[in-house]
Amino acid sequence: MSAKCRDRAEACECVKLVQVLGSRLGMAPTVIVKSENVGIRTQRETAAQRVIANFGNQIPDRRLLCFFDDTDWQPFKDRFGKENRAFYGPLREEALPDWPDYVRRLIFVPLSAPKVAFDHVIYLYGSTCSSLLALTMSFAHELQHFVQHENVRLLWAANSLLPHLDGSVISALELRWCDIPHEREARIVSKRTAENLFGVGDVNRYVDAKIAESTTDGDRTDWECIRGLDTSTHYDLALETMLFFQRRLKDYIPELEKALQRMPADFSADVDLRKLLGRTSA
Ligand SMILES: [Zn+2]
């Protein structure tokens with residue numbers, strides 16, 4: 001890569017990026033599709049904007065970067081697992097050392113204040129973007145996590161604690177990823193969005209194909225869960241989170257507190273375990 005390309009990745013000819021600003025009203029998510037093929041870029045940008053439009057006015061007015069890669073950045077697969085298709089995360093002012101240059105340079109601007117140009121990021125791997133239906137489902141799923149993080153932070157934090165329980169607790173609970181309420185809601189929204197944009201038949205055929213081609217128990221279980229989700233009724237995340245904690249976690253208070261202590265201080269402050277477990281303060 002040339003020096004010019006390193007300095008101005010977003011504008012460099014060798015990294016064909018197109019920034020779609022979307023609506024000028026409010027702060028629309030910024031969509032960046034990386035591809036050298038103009039037709040592919042246009043297709044994926046259009047698919048992304050249709051997902052955003054499908055969310056209507058639910059998307060928080062924040063600085064969100066939605067990056068659609070044309071390759072699978074291996075350090076992310078190493079960190080999140082080979083089955084990971086996309087992820088959402090809030091951003092802090094840090095240098096993002098294991099991010100690809102072509103994304104980091106969009107986010108981290110060391111000579112400016114603040115040093116980050118975005119406060120939130122959604123990343124989709126190239127393999128996810130290779131199918132417009134996969135792109136739609138994964139992008140809608142991560143957008144819903146963004147909505148949860150900004151609109152119902154307490155619920156997002158409480159649910160996000162659960163994967164941090166000890167492995168022995170997760171095994172004892174027979175906890176599936178899609179049992180966690182905020183993950184279930186993201187899967188329902190994702191499936192509903194895809195059904196709206198592609199039709200129920202295409203989505204069912206796609207999910208059946210994913211079940212058939214799954215190579216791990218975890219992946220197959222997850223797609224089977226998605227197949228069984230009812231998208232026609234409202235999912236009450238607050239109620240489902242409360243019920244989940246009170247029915248399945250009431251005997252694991254010390255383990256929950258241990259997991260909470262391992263989380264960052266600002267995260268821990270968001271979670272009131274006693275309230276979630278239906279108990280009054282001592
Ligand atoms: Zn998720």
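Residues numbered from 1 in each chain as written. Predicted model: local features only at pLDDT ≥ 70, side-chain atom pairs only at ≥ 80, totals over all residues.

We now examine the pairing of strand β3 (residues 64-68). A regular strand places its side chains on the two faces of the sheet in alternate fashion. By the criterion of burial, β3 is predominantly enclosed, with 5 of the 5 residues buried. The side-chain alternation of β3 yields two buried faces, one formed by L64, C66 and F68 and the other by L65 and F67. Once you follow strand β2 (residues 30-34) into helix α2 (residues 38-54) and on to β3, the crossover reads as left-handed. Sheet analysis places β3 next to strand β5 (residues 120-124), joined by 5 bridges and oriented parallel. Bridge pairing in β5 places F67 opposite Y123. (Buried ≥ 20, exposed ≤ 12 C-beta atoms within 10 Å, placed from the backbone. Helix = DSSP H or I, 4+ residues; strand = E, 2+ residues; numbered from the N terminus. Right-handed = clockwise from strand over helix to strand, strands pointing away. Pairing = 2+ DSSP bridges.)

Let us now look at helix α11 (residues 217-228). Compared with the 16 Å implied by 1.5 Å per residue over 12 residues, the 17 Å span of α11 between its first and last C-alpha is a close match. Those residues of α11 not exposed but buried are D222, W223 and I226. Looking straight down α11, one finds that the buried residues subtend no more than 95° of arc, so they occupy a single side. What points out from α11, more than 90 degrees from its buried face, is the exposed set D217 and G228. On its buried face, α11 sits against α9 (181-198) and α10 (200-213). (Expected span 1.5 Å × (residues − 1). Arc of directions from axis to C-beta. Contact = placed C-beta atoms within 7 Å.)

This next bit is on the nonpolar core. Core analysis: the largest hydrophobic core is formed by 40 residues, its most contacted members being C66, I122 and F139. The element best represented in this core is helix α6 (residues 132-151), accounting for 6 residues. Each of domain 1 (1-132) and domain 2 (152-282) gives at least three residues to this core. In this view, C66 contacts P29, T30, V31, A48, I122 and F139; residues no more than four positions away in its chain are not counted. If you look at the next biggest cluster of nonpolar residues, it comprises 15 residues, including A157, L162, F245 and V271. (Core = buried A, V, L, I, M, F, W, Y, C linked by C-beta atoms within 7 Å. Domains from an automatic or database assignment.)

In the contact formed by helix α7 (residues 153-161) and helix α12 (residues 237-248), the axes pass within 11 Å of each other and the chain directions differ by 35°. In this structure, the crossing between α7 and α12 has a hand that is left-handed. Of α12, the residues touching α7 (which contributes L155, A158 and N159) are L237, A238 and T241. Each residue belonging to the contact of α7 with α12 can be placed in one class, and the counts come to 4 nonpolar, 2 polar and no charged. (Axes fitted to C-alpha atoms, helices over the stretch in contact; angles between N-to-C directions. Left-handed = near helix turned anticlockwise from the far one by under 90°. Nonpolar A, V, L, I, M, F, W, Y, C, P; charged D, E, K, R; others polar.)

Right, let's get into the environment of T71. Here T71 lies in the loop between β3 and α3 (74-80). Sequence separation between T71 and C129 is 58 residues, and the spatial gap between their C-alpha atoms is 9.0 Å.

What follows is about the environment of L273. For L273, the position within the fold is in helix α15 (residues 273-276). The contact partners of L273, leaving out residues within four places of it in the chain, are I253, L256, E257 and L260.

One way to put it is that α9 packs onto α10 with a least axis distance of 7 Å and a crossing angle of 125°. Regarding the angle of α9 to α10, the classification is oblique. Judged by residue contacts, K191, A194, E195 and F198 of α9 engage V200, D202 and V203 from α10. (Parallel < 35°, antiparallel > 145°, perpendicular 65-115°, else oblique.)

Notably, E174 is not glycine yet its phi reads approximately 50°, a positive angle. Owing to 8 C-beta atoms within 10 Å, E174 belongs among the exposed residues under this scheme.

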